[in-house]
Amino acid sequence: METSQFATLYTEEMKHKPVQHKANILIVDDDPQNLFSLEKLLRKLDVNVVQTTSGVGALELTLEQEFCMAIVDVQMPEMDGYELVELLRANEDTANMPVIFVSAIHSDEYHHRKGYAAGTVDFLSNPYSPEILLNKVKVFLDLYEQQYRLQDLTAQLNTAHTTLSKRTLQLEASRQVTQQVISILDINLLLFNVANLIQSQFDYYFVSIWLIEDTSDAPIILQAASGRTEKQILPPGYNLSQARPHGIISDVCHSGRPYRANDTHSDPRYQRLEALPDTRSELTLPLCVGANTLGALDIQSELPGAFTDEDILILQSLADQIAIAIRNARLYARITQFNEDLENRVEERTAKLEEAYRQLELLDRKKSDFVQVISHELRTPLTLIKGYSQILLRDPAIKADESHHLQISGIITGARRLQELVDSMLDIVKIDNQTLALCPREVSLSSLMKALINTLKDPLTERNLALSTENLEALPTIEADSDALTKLFEHLLVNAMKYTPDGGKINISGETLAIQINGQSQHFIKIIISDSGIGIAPEFQELIFTKFYQLGEVAYHSTGKTKFKGGGPGLGLAIARGIAKAHGGQIWAESPGYDEEKYPGSKFHVVLPVTLEKIVSY
């Protein structure tokens, strides 16, 4: 073989040369004795020594093995050392291989320069110092080992970079899936976006999401899918039977465990679909929330063994996020439906309540009309009863007969009580219809209270109730309807007497108020009627001012205007509040609570404006 032909063949075959990781040293010399001496010397180092007697043989060896350096004799037949080094430098795989020349003949300066020009790194004259040669070889051997360590490190870095890039891609996909999960609550749109995202980010052959219903015999339905081609491989709504034997997707949905088919051609569970002819490996992951399996994430690849253990961990994390998103979307759909149903029910109930309210208003008006008519109708016979009873009471024969006198007195008392009830019913009608007419004039509350207390002297004495007043004389006169206020405070005092046990105490106190309202000082008087009675429970302190409200069981009702716990029609406090409001005032009750043993008592507050022209909301 010609040298030029061999050089061409050498350059081409070096591209396919196997890489060695063992340090080899090539020695080239046409003298076997020199080769023997060199090999014996180099055996002191931890290297493989490979020898040849020609330049052509050296080139052939470099096609088969990798050498960390070469020791070459300069003077050799056919191809000398200079030609050999030039060929080695011409090839990229051996261009940097260190070469040391050794020569016994050509050791002058000319040949040294020629050797360095050809590409040798050193030139030793034979005989040479073994120690010097070994030291030079050690230097190149160290450089070779450092180079290989650097190559190994570079390979590791490249591998790490590849892995990191893949993990970065997976994490980015996970982040985008998380973003979809957070921002989309429509389950169909969510799963469609997620399937497209996973398929495009990892360039998988086919990605699909399957969901199952709660019932065991319901099919497994394809909810979303994305393939590498624009054509839809499998349409949404495609379903698999849960009872399908050995199907990977159905098995994963039943077991709740992931399954990996490294080679679908040999996997017994794989069921080939005509729509996916190129699948060679498949990874199916359960979509689980706790112990509940909602479906499966199925990923297919055209490559066998496409899914590593690390891929499974990353993709299972995505599957878990998808499962949570499905649960949240379903819950959101249920809540939305529930809210819609609730709104519809509220609208229906509101319409019914409005109709019922209209009916109640109508009934209330009819009731007020009926009360007014009855009250007016009762006045005429009551007037006759009272009138003729009083005439009979003055008759000498009746006066002479104690029994008859007592009976006629009872009729008069009953008629008077019935008259008061009729008046109260008329007052309530006027208050409800806002037609209570006031005849305001200057009123002294001190004088009004003295007159009122005088009318109640007998029942107070009978029940041994102590009634006291405080600071009423210091109150200013107010502009008010005297008769209306008399009714107001009579109802409050009668109420205090009815719920205070015999021997109890009632106090009436007054004070003036100056309140800033809308930047102006408004003057009011406050009357407080307090008692040592049974008290009022907090939940009833507002209800007692409503019409016909009765404390205690109605079945145990007993009529009595001032007797302890005596019953009545339940109109007094409602009338009192109506009169107070008609004067632009307010009335409310305070009590620690209801107790028939400790008698915590009650306080009724009445606030009235001094001048009616300055009536304001208090």
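Up top is the structure.
Structure report, in brief. (Residues numbered from 1 in each chain as written. Predicted model: local features only at pLDDT ≥ 70, side-chain atom pairs only at ≥ 80, totals over all residues. Heavy atoms only, no water.)

### Structural notes on the sheet that holds strand β13 (residues 466-470)
The 5 strands are arranged β13-β15-β16-β18-β17 in an open sheet whose pairing can be described as mixed. Two strands close off the open sheet at either side, each with one partner strand: β13 and β17 (586-590). For this sheet, the mean angle separating the axes of adjacent strands, direction not counted, is 20 degrees. The pairing of strand β15 (residues 505-517) with strand β16 (residues 520-531) spans 12 bridges and is classified as antiparallel. From the neighbouring strand, Q516 faces β16, where its bridge partner is S521. Its contacts with the sheet place helix α14 (residues 482-498) against β13, β15, β16, β17 and β18 (602-609), and it is angled at close to 170 degrees to β18. (Pairing = 2+ DSSP bridges. Helix = DSSP H or I, 4+ residues; strand = E, 2+ residues; numbered from the N terminus. Axes fitted to C-alpha atoms, helices over the stretch in contact; angles between N-to-C directions. Contact = heavy atoms within 4.5 Å.)

### Examining a nonpolar patch on the surface
A cluster of nonpolar residues, L150, L153 and L157, forms a patch on the protein surface that exposes about 300 Å² of accessible area. Along the polypeptide, L150 turns up in helix α6 (residues 130-183). (Patch = residues over 30% accessible without salt bridge, like charges linked within 9 Å, V, L, I, M, F, W, Y side chains within 5 Å. Areas by Shrake-Rupley, 256 points an atom, 1.4 Å probe, with all protein chains shown as cover. Salt bridge = Lys/Arg side-chain N within 4 Å of Asp/Glu carboxyl O.)

### Quick notes on the side chain of Q300
Tracing the backbone shows Q300 in strand β11 (residues 292-301). When its relative accessible area of 4% is taken as the criterion, Q300 is described as buried. Reaching out from Q300, the side chain makes a polar contact with the side chain of D298 at a distance of 2.8 Å. Q300 has contacts with Y204, Y205, F206, L276, T279, S281, E282 and F307, leaving out every residue within four places of it along the chain. (Buried < 20%, exposed > 50% of the residue type's maximum accessible area, 1.4 Å probe, protein only. Polar contact = N/O pair within 3.5 Å; in protein donor to acceptor, adjacent residues only side chain to side chain.)

### Some details on the pairing of strand β6 (residues 206-212)
Along β6, 7 of the 7 residues are buried, which leaves the element largely enclosed by surrounding structure. Both faces of β6 are covered, namely the face carrying F206, S208, W210 and I212 and the face carrying V207, I209 and L211. Pairing between β6 and strand β7 (residues 220-227): 7 bridges, direction antiparallel. Opposite I209, over in β7, you have A224 as the bridge partner.

### Section: the packing of α14 against helix α15 (residues 572-582)
With their axes 9 Å apart at the nearest point, α14 and α15 run at an angle of 145 degrees to one another. Seen from above, α14 lies across α15 with left-handed handedness. Within the contact between the two elements, α14 uses A484, L485, K487, L488, H491, L492 and N495 and α15 uses G572, L573, I575, A576, I579 and A580. In terms of residue class, the contact of α14 with α15 is built from 9 nonpolar, 3 polar and 1 charged. (Left-handed = near helix turned anticlockwise from the far one by under 90°. Nonpolar A, V, L, I, M, F, W, Y, C, P; charged D, E, K, R; others polar.)

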